[in-house]
Amino acid sequence: MIEQAPVLLASASVLIVEDSASLQALYLAYLNEQPWQTRSVGCAADAVAVIVETAPNLVLLDLQLPDASDLDVLTALRKHAPDIAVVVATGKGSIELAVEAIRLGAVDFLEKPVTKDRLVQTLRNSLERQMLQNQVHALLKTEVRDRFHGFIGKSMAMQAVYRTISAAAPSKATVFITGESGTGKEVTARAIHAESPRRGGPFVALNCAAIPRDLIESELFGHQKGAFTGAQHAREGASEQAHGGTLFLDEIGEMNLDLQSKLLRFLQTGAVKRLGANQERQVDVRFLCATNRDPWMEVQAGRFREDLYFRLHVIPLHLPPLRERQDDVLMLAEELLQRFAREEGKLFHGFSAEARAAMLRFPWLGNVRELENVIRYAVVLNPGGEIGTAQLRMEDRENARLSPRPNGDSVPTQQPDAAAVSLSQDAIEHLAAVERRVIERAIALCQGNIPEAARKLDVAPSTIYRKLAQWSVG
Amino acid sequence: MNELPISMKQDELRDTGIAKKPPGARPAWEIETVDQLIKELGPEFAVDVLGTFAGELSQRLSRMHADRTPKHIIREAHALKSTAATFGAQSLSDAAKSLELCNHEVPNEEWDIRVDALLNLGAEVLGAVQKWLLDARGAKK
């Protein structure tokens, strides 16, 4: 199928298919003052070759060519290049043929002999009509999508994300995904894989924050038997598992500098060397990576190699936080409510007006993941019906952010409330200290179950693993 | 083109659509068309395009002279019909159309007369165009 680029009248291209050399010359002369690129051929075979090669915007077609019967070329054009406008030229008295041509998809016809004014006006009208049609098609193609490969949302911010994913997917270029926790970085990576020509291959995700640092290299590159204590069997790493597909390195900012240099070499050569192995293996992998930090700030801080940054930062894709997707909050909430209700075997009838207003006001610092938790909580603890503000218990979540301190103070993580403002300035703690205390308390209350603590804190487990690692070093 | 049969009897041309022009009838090649072409294209383009027309007409007449099989003649007549009308040779266009429409469904003798008439008229048009081109190119020099 020959695809047409949208036509700008000034840059349109026209092909004249006419077996009479003098008529070709005349038409070319008639169109000489027009801004269009115009060329001519004298037979159907040449016409097909030029159409395939250049995909003109319009073909002026003589219906009776020496190497094709009356409507053959037109029929073939409509089948293989339906976006190309065709104006047919017929001899005097061939009106039935012209009518048949229009029925087959020609946009207009010219009866010979053709005057200059008639030729120019007919072709211009046909090109303008095609330009409008192409614009309509382009608009239809960019229609607002409310769902896209696991995403739900029709906000402008998400439309831009969907478009970037679609545009980036066909290439092998690395996409560097950034965004806060809970904004959908892995969903994005999976969407890119699903839209890419590698969709039939494996998608392998490796969360660099969720794996102890001394194991990341083995997870990424694999190991030979006996490569280290406990390596009882040879094992291929994520790089080899992703051969022919996509390797997604999540929280890549957690990778230490030594491993970053090995990753850089892998990116440059495509060669993988398992831990303890002498031989390298060549793999064909498309890289996607993500971080919830500002990668350039990490480079500036010396925590991320600049050369690796530039190697990976080919197509940046930033995911907007939910608070910047106000248009999507209620749509997501309704979708999640019905999904969780199905899972729990319950029947809910949506949200009250107050609940909807409350959800729109809420800052959703944990993004979609936090919204999921709120809705699941309401579905699990309630029998069904309409969800109101009481069922959402969002005030509790607000209060949890102002979590009580052992001495009875609270920790403002949002707008300071009146009580907090009234405290002595001596009560102000370093934010990092507050964060550490809250996380450690949550882990203790969950008997060391980090995923559970993460769920209660509305953060990704990887965030907690990363913090613990930082604190153990510091 | 000088070998083309140009000596046809008046009665042989009857009912062919190309009857001999009475005094005052339009010429084989209408010079007004040239004026229009010059107006639309400018003199240089007009000369170029008419030169192409003369070349094409010469080739078609030669091919028709060499191969008088009905299928070939009809195909050439079809092409000549539009081209001749476009460049001001309306009589030639009418004759070509007449020949195309009769589709060899006439006695051979009449068919031959029609073909000869068309060739004759074509030669007349060609001569007129070539003369004009010669004058136009000479005037340019």
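What you see is a predicted model; the values in this text were computed from it and never measured.

Criteria and cut-off values
Residues numbered from 1 in each chain as written. Chains lettered and ligands numbered in written order. Predicted model: local features only at pLDDT ≥ 70, side-chain atom pairs only at ≥ 80, totals over all residues. Heavy atoms only, no water. Helix = DSSP H or I, 4+ residues; strand = E, 2+ residues; numbered from the N terminus. Buried < 20%, exposed > 50% of the residue type's maximum accessible area, 1.4 Å probe, protein only. Contact = heavy atoms within 4.5 Å. Areas by Shrake-Rupley, 256 points an atom, 1.4 Å probe, with all protein chains shown as cover. Salt bridge = Lys/Arg side-chain N within 4 Å of Asp/Glu carboxyl O. Buried area = accessible area lost by both parts, 1.4 Å probe. Polar contact = N/O pair within 3.5 Å; in protein donor to acceptor, adjacent residues only side chain to side chain. Nonpolar A, V, L, I, M, F, W, Y, C, P; charged D, E, K, R; others polar. Phe/Tyr/Trp six-rings, centres within 6.5 Å; stacked < 30°, edge-to-face > 60°. Lys NZ or Arg CZ within 6 Å of the ring centre and 35° of its normal. pLDDT = per-residue confidence, 0-100. Pairing = 2+ DSSP bridges. Axes fitted to C-alpha atoms, helices over the stretch in contact; angles between N-to-C directions. Patch = residues over 30% accessible without salt bridge, like charges linked within 9 Å, V, L, I, M, F, W, Y side chains within 5 Å. Parallel < 35°, antiparallel > 145°, perpendicular 65-115°, else oblique. Left-handed = near helix turned anticlockwise from the far one by under 90°.

A.B. asks: Is there a simple way to think about the overall build of chain A in this case?
C.D. replies: Of regular secondary structure, chain A possesses 21 helices and 18 strands. Among the 474 residues that make up chain A, the fraction classed as buried is 47%. Counting only contacts in chain A whose residues sit at least 6 apart along the sequence, the fraction spanning at least 24 positions is 67%. Here chain A displays about 23100 Å² of accessible surface, and carbon together with sulfur accounts for 52% of that area.

A.B. asks: Help me understand the pattern of salt bridges in this model?
C.D. replies: Pairs may arise between side chains of opposite charge once their charged atoms sit close together. As enumerated under the stated definition, the model contains 34 salt bridges over all chains in all. Of the charged contacts, one joins Glu440(A) and Arg436(A) as a salt bridge, the two residues approaching to 3.0 Å between their closest N and O atoms. Residue Glu440(A) and its partner Arg436(A) are both found in helix 19 (residues 431–445); the two are separated by 4 residues, about one turn of the helix. Of the charged contacts in the structure, one is a salt bridge between Glu76(B) and Arg63(B), with a shortest N-O distance of 2.7 Å. A residue pair is termed long-range when its members are at least 10 positions apart, and Glu76(B) in helix 3 (residues 70–86) and Arg63(B) in helix 2 (residues 43–66) qualify at 13 residues. Judged by its relative accessible area of 5%, Glu76(B) is buried. Beyond isolated ion pairs, a larger network of salt bridges with shared partners links Glu254(A), Arg293(A), Glu298(A) and Arg303(A).

A.B. asks: What am I meant to see in the interface of chain B and chain A here?
C.D. replies: Many structure descriptions define interface size as the accessible area lost when the parts assemble. Contacts between chain B and chain A engage 18 residues on the former and 16 residues on the latter. Broken down residue by residue, the surface that chain B buries against chain A is led by Glu40(B), His78(B) and Thr86(B), which jointly contribute 29%. At the junction of chain B with chain A, the criterion picks out 0 salt bridges. Taken together, chain B and chain A are joined by 7 residue pairs in polar contact (both at pLDDT 80 or more). Where the side of chain B that touches chain A is concerned, the elements lending two or more residues are helix 1 (31–41), helix 2 and helix 3 of chain B. When its residues are assigned to classes, the side of chain B that touches chain A shows 8 nonpolar, 5 polar and 5 charged.

A.B. asks: I would appreciate a short explanation of the packing of aromatic side chains in the present structure.
C.D. replies: What characterises a pair of aromatic rings is the spacing of the ring centres plus the angle enclosed by the ring planes. In total, this model carries 12 aromatic pairs over all chains according to the counting rule given. Taking 6.4 Å as the distance between ring centres and 80° as the angle between the ring planes, the aromatic pair formed by Trp29(B) and Trp132(B) counts as edge-to-face. With a gap of 103 residues between them, Trp29(B) in the segment before helix 1 and Trp132(B) in helix 5 (residues 108–140) connect regions that are remote in the sequence. Its relative accessible area of 7% is what places Trp29(B) among the buried residues. Stacked on the ring of Phe340(A), the Lys or Arg Arg376(A) has its end atom at 4.1 Å from the ring centre.

A.B. asks: Can you walk me through the confidence of the model for chain B in this structure?
C.D. replies: Reading predicted coordinates in detail is not appropriate for stretches of low pLDDT. Residues and elements named next belong to chain B. Averaged over chain B, the pLDDT score is 81; the fraction of residues at 70 or greater is 80%. Scored below 50 in pLDDT, residues 1–20 shows 33 contacts in the model against residues more than four places distant or in partner chains. Taken together, the chains of this predicted complex give a pTM of 0.48 and an interface ipTM of 0.82.

A.B. asks: Just checking my understanding: could you explain the sheet that holds strand 5 (residues 108–111) of chain A for this structure?
C.D. replies: Either a parallel or an antiparallel arrangement is found when strands of a sheet pair, and the pairing is made through backbone hydrogen bonds. Residue and element names in this part refer to chain A. Read across the sheet, 5 strands follow the order 2-1-3-4-5 without closing on themselves; strand pairing throughout is parallel. Each edge of the sheet is formed by a strand with only one pairing partner; in this case those strands are strand 2 (37–41) and strand 5. Shown here is a sheet whose adjacent strand axes are inclined to one another by a mean of 20°, direction ignored. For strand 3 (residues 58–62) and strand 4 (residues 85–90), the ladder comprises 5 bridges, and the chain directions are parallel. In the strand pairing of strand 4, Leu61 is matched with Val88. Of the strands in this sheet, strand 1 (13–17), strand 2 and strand 3 are in contact with helix 2 (residues 44–54), which crosses strand 2 at around 150°.

A.B. asks: Quick question: what am I supposed to make of a nonpolar patch on the surface here?
C.D. replies: Taken together, Tyr377(A), Val380(A) and Leu381(A) make up a surface patch of nonpolar side chains, about 260 Å² in accessible area. Positionally, Tyr377(A) belongs in helix 15 (residues 367–381).

A.B. asks: Teacher, can you tell me more about the packing of helix 3 of chain B against helix 4 (residues 90–102) of chain B here?
C.D. replies: Geometry of a packed helix pair, given as the angle between the helix axes and the separation of the axes. All names here are of chain B. At their nearest, the axes of helix 3 and helix 4 sit 8 Å apart, and the two run at 150° to each other. One element, helix 3, and the other, helix 4, form an angle in the roughly antiparallel class. Our pair here, helix 3 against helix 4, has a crossing hand that is left-handed. Seen from helix 3, the contacting residues are Ile73, Ile74, Ala77, His78, Leu80, Lys81, Ala84 and Ala85; seen from helix 4, they are Gln90, Leu92, Ser93, Ala96, Lys97, Leu99 and Glu100. Per-class residue counts for the contact of helix 3 with helix 4 are 9 nonpolar, 3 polar and 3 charged.

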